[in-house]
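Examining the three-dimensional arrangement
Now for the letters of each chain:
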Amino acid sequence: MSEPSCFDCGSPSIHTRLPHAWICKACRRRRHYHPQPCPGCGTTRPLAYRSTKSTDRADDRGDERIVCASCAGAESVFACHECGQEDHPYGATRCARCFLRERLTELLTDPGTGQIHTRLRPVFNELVTSERPQTGIWWLRKQPGIGPRLLGQMARGELEISHGTFRALPCDRAHNYLRELLASVGVLPAYEPRIERIPPWLDQKLGPLPADHADLVRRFAHWHVLRHLRNMARQGQLTKTMTDSARDRISAAIRFLAYLHAHGATAATVTQEQLERYQISHAISLASEYTFITWLRRSGINTRLRIPYVPAGPPTVNISDEQRWQHVERLLHDQTLRSYTRLGGLFTLLFAQPLSRIVAMRTSQVTMHTDGRVDVTFSTIPVQMPTVVDQIIRDHLHHRGQSLYASRGTQWLFPGGKPGHHLQTENIRAQLVAIGIKPYESRKAALFQLAGEMPAPVLAELLGIPDSTAADWAKLAARDWTGYIADRAR
Ligand SMILES: [Zn+2]
Ligand SMILES: [Zn+2]
Ligand SMILES: [Zn+2]
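In this text, all values refer to a predicted model and were calculated from it rather than measured experimentally.

1. Describing the pattern of salt bridges
- If you walk through the whole model with that rule in mind, you get 18 salt bridges.
- For the salt bridge of Glu-196 with Arg-179, the shortest nitrogen-to-oxygen distance reads 3.0 Å. In this pair, Glu-196 is assigned in helix H8 (residues 193-196) and Arg-179 in helix H7 (residues 173-184), connecting sequence segments 17 residues apart.
- The exposure class assigned to Arg-179 is buried, which follows from its relative accessible area of 5%.
- In this structure, the salt-bridge partner of Asp-371 is Arg-373, at a minimum N-O distance of 3.2 Å.
- Look at Arg-373 and you get partly exposed, because its relative accessible area is 32%.
- Among the charged side chains, a network of salt bridges with common partners joins Glu-82, Arg-94, Arg-101 and Glu-102.

2. A few points about the domain arrangement of the protein chain
- You can read the domains of the protein chain as domain 1 (1-78), domain 2 (96-189), domain 3 (196-298) and domain 4 (336-489).
- Here the C-alpha centre of domain 3 lies 38 Å away from the C-alpha centre of domain 2.

3. Here we look at helix H2 (residues 96-108)
- Counted at 1.5 Å a residue, the expected span for H2 with its 13 residues is 18 Å, and the 18 Å between its end C-alpha atoms agrees.
- Next to the buried residues of H2 lie strand S7 (109-110), strand S8 (115-116), helix H3 (121-128), helix H4 (133-141) and helix H5 (146-155).

4. Topic: the pairing of strand S1 (residues 14-17)
- Pairing of S1 with strand S2 (residues 22-24), which is carried by three bridges, proceeds in the antiparallel orientation. Looking at S2, one finds that Arg-17 is bridged to Trp-22.
- Taking the residues between adjacent antiparallel strands as the criterion, S1 and S2 are bridged by four residues.

5. Brief notes about the sheet that holds strand S9 (residues 366-368)
- On the basis of which strands lie adjacent, the open sheet formed by three strands has the order S9-S10-S11 and antiparallel pairing. If you trace the sheet from one side to the other, it starts and ends with S9 and strand S11 (382-384), each paired once. Here the strands of the sheet are splayed against their neighbours by 30° on average, with no regard to which way each runs.
- Where S9 and strand S10 (residues 374-377) come together, three bridges link them in antiparallel fashion. Note that in S10 the partner of Met-368 across the bridge is Val-374.

What counts as what
- The residue count restarts for each chain, going from 1 along the sequence in the order it is written.
- Ligands are numbered from 1 and chains lettered from A, in the order in which they are written.
- Side-chain atom pairs in this predicted model are given and counted only at pLDDT of 80 or more, local residue features only at pLDDT of at least 70, and totals for whole chains, interfaces and linings cover all residues.
- With hydrogens and water stripped out, all remaining heavy atoms of the structure feed into the side-chain values.
- Within this document, salt bridges are pairs made up of a side-chain nitrogen of Lys or Arg and a carboxyl oxygen of Asp or Glu, the two lying within 4 Å of each other.
- For helices the rule is a DSSP run of H or I covering at least 4 residues; for strands it is a run of E covering at least 2, with both sets numbered from the N terminus onward.
- To sort residues, take the accessible area from a 1.4 Å probe on protein chains only and compare it with the maximum for the residue type: under 20% means buried, over 50% means exposed, and anything in between is partly exposed.
- The source of the domain bounds is an automatic or database domain assignment.
- Multiplying 1.5 Å by the helix residue count minus one yields the expected span of that helix.
- Contact definition: two residues touch when any of their heavy atoms are within 4.5 Å.
- The pairing criterion is simple: DSSP has to find at least two bridges between the two strands.
- Axis geometry follows a simple rule: fit a line to the C-alpha atoms, using only the stretch in contact for helices, then measure angles between N-to-C directions, giving values from 0 to 180 degrees.

Take a look at the structure:
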């Protein structure tokens, strides 16, 4: 009898015994890492077993069907020796999840109790059950391993588990990542890095100021500006524009107080006339000062000041319908673009959604029907997605967030690179701008077209915009159509 060789490739260096043959290490690995839909039961699993069903013995070509272990009634050689799962192949006998569980148990065990540290239990659960445990193993191994080392110190009681601990440490990617991970699983209170960076910046700005100015600005910043940002963050709507303008407003308050000081006035005594002189001498619109002055009035510090209301102009559209459809075409068919860029652009161009709302969408807003239709609920009414868009959504959901922690609990439609967060508007905006699409202009063009197609109240409800905005657009759309029709009639 001849020496056994690999059933798949004929190599003489056999490794694993299957019921019907031997296979080599490389072929075993290939079959394990590339599961296929089983012809017997349809589930996607490693296939390596000869079907035992007599009807399956041979097809027309005389080939034998290769099926999964269950369909062959065999014990799977691919199963993890610890948990019995075939998923996430990693070591020779154990899966990535079992490896990860072991490493995390070592790392997070509290020597006092011999158990996983009670407060860090959610971190353990989150990482162990993450969709791709390989990512967790990689994170634990990656050098210089700042995050895992801190976690270990916290588990052993060498470091306090608090935001205070992080405030005393460098504010770099590795530290922020762990801090956000802890916040996203509820070990630490919610934390928004873009907001967290403002208080240290504020302290720096206030340092050289007279104490009374510093106190007033600090109150304004904490009780008004930061509070507003935290509210927006809680609703998942914080954008970079908001944090930038928050700093602007604080700087404007400081500038205004300095001017008053130089002119012998204070926030409490400044008159309307002085405010207007300030505006003229600085040649500014007071847009940045507006919040501070409104706050002074509302908190009773100075109730005399008014900033004249400058009405925003009527809505305008600066891109043509043709341009808009060119952009739509590109996003529908350009496979080289990321799916979140394509969907973000399409939701803007077709449904007039602002990026700040798009990034905060949840998977619960998407309904997949068995017949392939996909509905998206932007506001309260489900909207059926046009063909191709539905396919992009299905693909996106399929691939979404494979390498992320803490994306399941929140169910963001566009999970970000940081645990628990959705994508930032800038992620999508920058990529759209790079291919010549201006999100804000596109959104206005979409509003214009939609406003011409449906009554304002329906538009408002469909898109989740205020009735008054919908009415403005309806007016604009109607006016232009009237003009267009009049031209045609001539
Ligand atoms: Zn082989
Ligand atoms: Zn099967
Ligand atoms: Zn396992």
